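Structural overview
These are the residues of each chain, in order.
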Number of protein chains: 2
Amino acid sequence: MLAAAATTTIESLCADLEGSMGGAGVLVKSEDKVGFLTDWSGDLIGNAVAVVRPRSIAEVQECVEICRRHGIGVVPQGGNSGLVGGGFPPAGSREMVIINLSRLNAIRRADAANATLELDAGCTLQKAKDAAHATGLQFPLALGAQGSCQIGGNAATNAGGVNVLRFGMARELILGLEAVLPDGSLWSSMRGLRKDNRGYDLKQLFIGSEGTLGIITGLCLKLHPRPARIETAYAGVGSIEDAMTISALARCELSELVTAFELIGTECLPLARLIDKGLTSPVSSVYPFHLLIELSCGKRLDGRALLEGFLADMLARGLIGDAVVAQSERQARSFWAIREGLVEGQARRGYHVRSDVSVRLGDVPAFVAAARAFAARDWPDWTPQVYGHAGDGNIHFNLLPPLGMHRRDALELGLRITESLFAIVEDFKGSISAEHGIGRARIGAFWEGLGEVERRTMRAIKNTLDPHDLMNPGCLIPVLEEQE
Amino acid sequence: MLAAAATTTIESLCADLEGSMGGAGVLVKSEDKVGFLTDWSGDLIGNAVAVVRPRSIAEVQECVEICRRHGIGVVPQGGNSGLVGGGFPPAGSREMVIINLSRLNAIRRADAANATLELDAGCTLQKAKDAAHATGLQFPLALGAQGSCQIGGNAATNAGGVNVLRFGMARELILGLEAVLPDGSLWSSMRGLRKDNRGYDLKQLFIGSEGTLGIITGLCLKLHPRPARIETAYAGVGSIEDAMTISALARCELSELVTAFELIGTECLPLARLIDKGLTSPVSSVYPFHLLIELSCGKRLDGRALLEGFLADMLARGLIGDAVVAQSERQARSFWAIREGLVEGQARRGYHVRSDVSVRLGDVPAFVAAARAFAARDWPDWTPQVYGHAGDGNIHFNLLPPLGMHRRDALELGLRITESLFAIVEDFKGSISAEHGIGRARIGAFWEGLGEVERRTMRAIKNTLDPHDLMNPGCLIPVLEEQE
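Parameters and conventions
- Throughout, residues of each chain are indexed from 1 in the direction in which the sequence is written.
- Starting at A for chains and at 1 for ligands, labels are handed out in the order in which the entities are written.
- Local features are withheld for residues below a pLDDT of 70 in this predicted model, meaning they are given only at 70 or higher, and side-chain atom pairs are given and counted only at 80 or more; totals for whole chains, interfaces and linings count all residues.
- Here the side-chain values reflect all heavy atoms present in the structure, with hydrogen atoms and water set aside.
- Pairs of strands are assigned from DSSP output, requiring at least two bridges between the strands.
- A helix here means a DSSP run of H or I that spans at least four residues, while a strand means a run of E at least two residues long, and both kinds are numbered starting from the N terminus.
- The contact definition used throughout considers only heavy atoms, calling two residues in contact when any of these lie within 4.5 Å.
- Helix axes are fitted only over the stretch in contact, all axes being lines through C-alpha atoms; the angle between N-to-C directions runs from 0 to 180 degrees.
- Whether a residue is buried, partly exposed or exposed follows from its accessible area with a 1.4 Å probe, protein chains only, as a fraction of its type maximum: under 20%, in between, or over 50%, in that order.
- Summed over both partners, the accessible surface that disappears when two parts come together, traced with a 1.4 Å probe, is what is meant by buried area.
- Here a salt bridge means any side-chain nitrogen of Lys or Arg lying within 4 Å of a carboxyl oxygen belonging to Asp or Glu.
- The term polar contact refers here to a pair of N or O atoms within 3.5 Å; inside protein, the definition further demands a hydrogen-donor-capable atom paired with an acceptor-capable atom, and it admits residues adjacent in sequence only when both atoms are side-chain atoms.
- Our superposition of the copies is a least-squares fit, built on the C-alpha atoms of residues whose pLDDT is at least 70 in both.

Per an unreviewed UniProt entry, chain A carries the name FAD-binding oxidoreductase and comes from Aquibium pacificus.

Quick look at the structure:
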């Protein structure tokens, strides 16, 4: 554990940082820092001695070295679009420095022949996707925040999104990684080889480590063929059981060409309408659940015929009530506007209980039933919302507080509701964080849920690579004095 | 480091093991142990105090605990089909105990709805594949040794094989893992969730660790749809450049439905004929290289038409000289018999320089040219063989010694040849082990090739989880006194 820093240390720390980085690279005034200290939802507001914005790997190394010398914790920050408070120190925490990677944002090498893209960690996901597109290929990671989130943050949090079903999480899309370790040295595995079986695959440790083992400065991404055709369908189904059956059949019969399989509870539609009043359901009747299905394929395959044939069969078997295949890109975008709008609509409505849980695929219907029964019994005034990446077993089961409830009261009750929800997830041996990570918001429940051996092993890894708890203290791994 | 054990220790060690395991579980006589002390190629012969065969996780834990107490190193062993000497202690090494997992071989749970298979580490790969098949799905890892290699060994070595192109290495097929740690405790992540973003993904450390961090006792495997159709083609091409172009086009145009893309140098065919004299080339003329292409798909896709259409286009563009699509399963098997026969033929011919290297996809042609030029210049009496998983950039560049050369001489020269080959690989910033691992055979070149930070970090992880170097000493991580 680092010692708490005295005021004089803070002043000399800032002087050292400015000396190394230049004034423009070090933000210390409150008005300059504020944009780096609020999360997307607005639920969290942070605190930091300084926000440093290095322009090179060497500058990242210098920052880390200066903070280490001064005994000040470092919080690596990407696009600040995380949802669990991992990207900045919370208000009231001890002094820490944010190292924001946004100025380390060069595309290093796009190699179409190798189907790889090497780039700096501070590139936005959209910039990575654009560079991949320019090679004739694609980088398939797809998130709502892709315009602002950074590829280094995607790696550090093992980001998921809507195309995990086909292409995996960020972990499966990363071939190489480079990181500044807490001692200031640079660890690297950037050869860009598709197969390399030499020793421990340590990049896997940094992926998903949420900045607690080092600062990711560069990545080598695996690219996939850019689909010649993307077909999108919207369907109404009678139950989650049917949705899961359709998901399994689609996967088998369509050779894993399905790139998205999203479940949307009918109760989510009014939220999407908060964003666009004109939104209407693409299907004729009211169904308990809607599906958004996307199929992508190369030029030799007739994706439209495949998807239509599959859906016709599902209709004939009574698994689907009604289905529409988009006849234009514009229509496809209007289907996605429902899925994206409901998330934005939730945020606009204000505070709500957000969850991001996963269970085994076969347990999805029973889990949703249990969570709904709990909500109806214990919190009848709150409105449950069910949506998510059903094909992966990843459900966002959220609860909206009654309209007019004071935000402070809702926040307090929300903590209790979340605790109960997590207990249900544990009954199903599921995960309380399928894709959002742990950060600071989920650290208590996460650590409690681990077995003794898992806890000990995880802490041993942290202590080995970061013996002084310099990197993102209080995120993911509890600080010893406070929580154990 | 463990202290060398005295003879009395050995006797009491064996007594303790027999007391815990029963006599049938502990082999100490030379004639009983010999089958566990020779590798597949016959190039290596090992040595062990005892071979222990536990029947339960608790027995594995007891064995580890007993060895730890006696200060005796433990070598975990699966089906003993590795090619780098990682699975048994070499002749002349200090005393060690082999823990062979073959009796820990139950299928625990095949869950079709979740598309997962939980099983003991000692199940053969074939048994895992059969259990997956019985659920209506498939486990796509495919290796020559699948009848004898064990799934625990596949995980510990991050096994590759012929379907990596589509499904990834073993790492990408493992959802959960369970391992006995060097302190005897059991680490586990067997929930079988397709998405779980809670903290460091420590199973990734055990995958590819070659038994140096613990003994894998159980796995949860990710299953894929079983293809309704598998189409196989054999083609002749004029150059590796053309082969790599075809590989990239097939990947894009056929939506990654290609499950195997194997390159076979024409010079390999006589080797296959050592196994089956009747083997003939499926294509009419003599081409410098042959391709074996496999496409797998679900029932709604016409794989035959897709593959034929693609090959017709490649013929029209002059990229392929001649191609045959198998009209029956029997014909498809005859194509594969060439690929499998050449490996067996090499082994039958006797000792040969074996390599398993990878370079970036775009560098494959230049690498093969450089390796061939080196062989022709420096070792004109030796016969180079080029084959491999070209779609992954993974080439087996082997050299057969002149007929009649004494085995001892060939072995000695082989070491020098390998060293030069590895230098060429390093010129291309490739990997000296794309899929076979490091074991004991590659440890010198591996460790020398690492940077100082990589070396320090890798050793730190080993020391953290196995502070007394109990697990597979001398494999992957050099023993301190001897090699540093």
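Here we take up the sheet that holds strand β17 (residues 383-389) of chain B. Residues and elements named next belong to chain B. Ordered by their spatial adjacency, seven strands build an open sheet running β15-β12-β14-β13-β17-β18-β16, and the pairing between neighbours is antiparallel. Both outer strands of the open sheet, β15 (322-325) and β16 (357-358), are each paired with one neighbouring strand and no more. The sheet contact formed by strand β12 (residues 229-237) and strand β14 (residues 289-297) spans nine bridges and is antiparallel. Of the residues in β14, the one forming a bridge with Val237 is Phe289. Taken strand by strand, helix α12 (residues 364-378) contacts β14, β16, β17 and β18 (394-400), and its axis lies near 10 degrees from that of β18.

The subject of this paragraph is the pairing of strand β10 (residues 215-222) of chain B. All names here are of chain B. Buried residues dominate β10, accounting for eight of its eight residues. Sheet analysis places strand β6 (residues 116-120) next to β10, joined by five bridges and oriented antiparallel. Of the residues in β10, the one forming a bridge with Asp120 is Gly218. As paired strands, strand β8 (residues 174-180) and β10 are joined by six bridges and run antiparallel to one another.

Glancing now at the interface of chain A and chain B. Tallying the contact residues gives 92 residues for chain A and 93 residues for chain B. Roughly 7,600 Å² of surface becomes buried between chain A and chain B when both sides are summed, with 54% attributable to carbon and sulfur atoms. When the buried surface of chain A facing chain B is broken down by residue, Lys195, Tyr200 and Arg360 of chain A rank first, second and third, together holding 14% of it. For the pair chain A and chain B, the interface holds 24 salt bridges. Glu172 of chain A is the salt-bridge partner of Lys222 of chain B, the closest N and O atoms lying 3.8 Å from each other. For the pair chain A and chain B, the number of links is 55 residue pairs in polar contact (both at pLDDT 80 or more). Among the elements that take part in the side of chain A that touches chain B, helix α15 (residues 452-465) of chain A stands out by supplying 10 residues, more than any other.

Further remarks concern the relation of the copies chain A and chain B. Overlay of chain A on chain B (RMSD 0.0 Å): rotation 180 degrees, translation along the axis 0.0 Å. Here the two chains are linked by the operation of a two-fold rotation axis. Proximity to the rotation axis, assessed at the C-alpha, singles out Gln204 of chain A in chain A; its C-alpha lies 3.1 Å from the axis.

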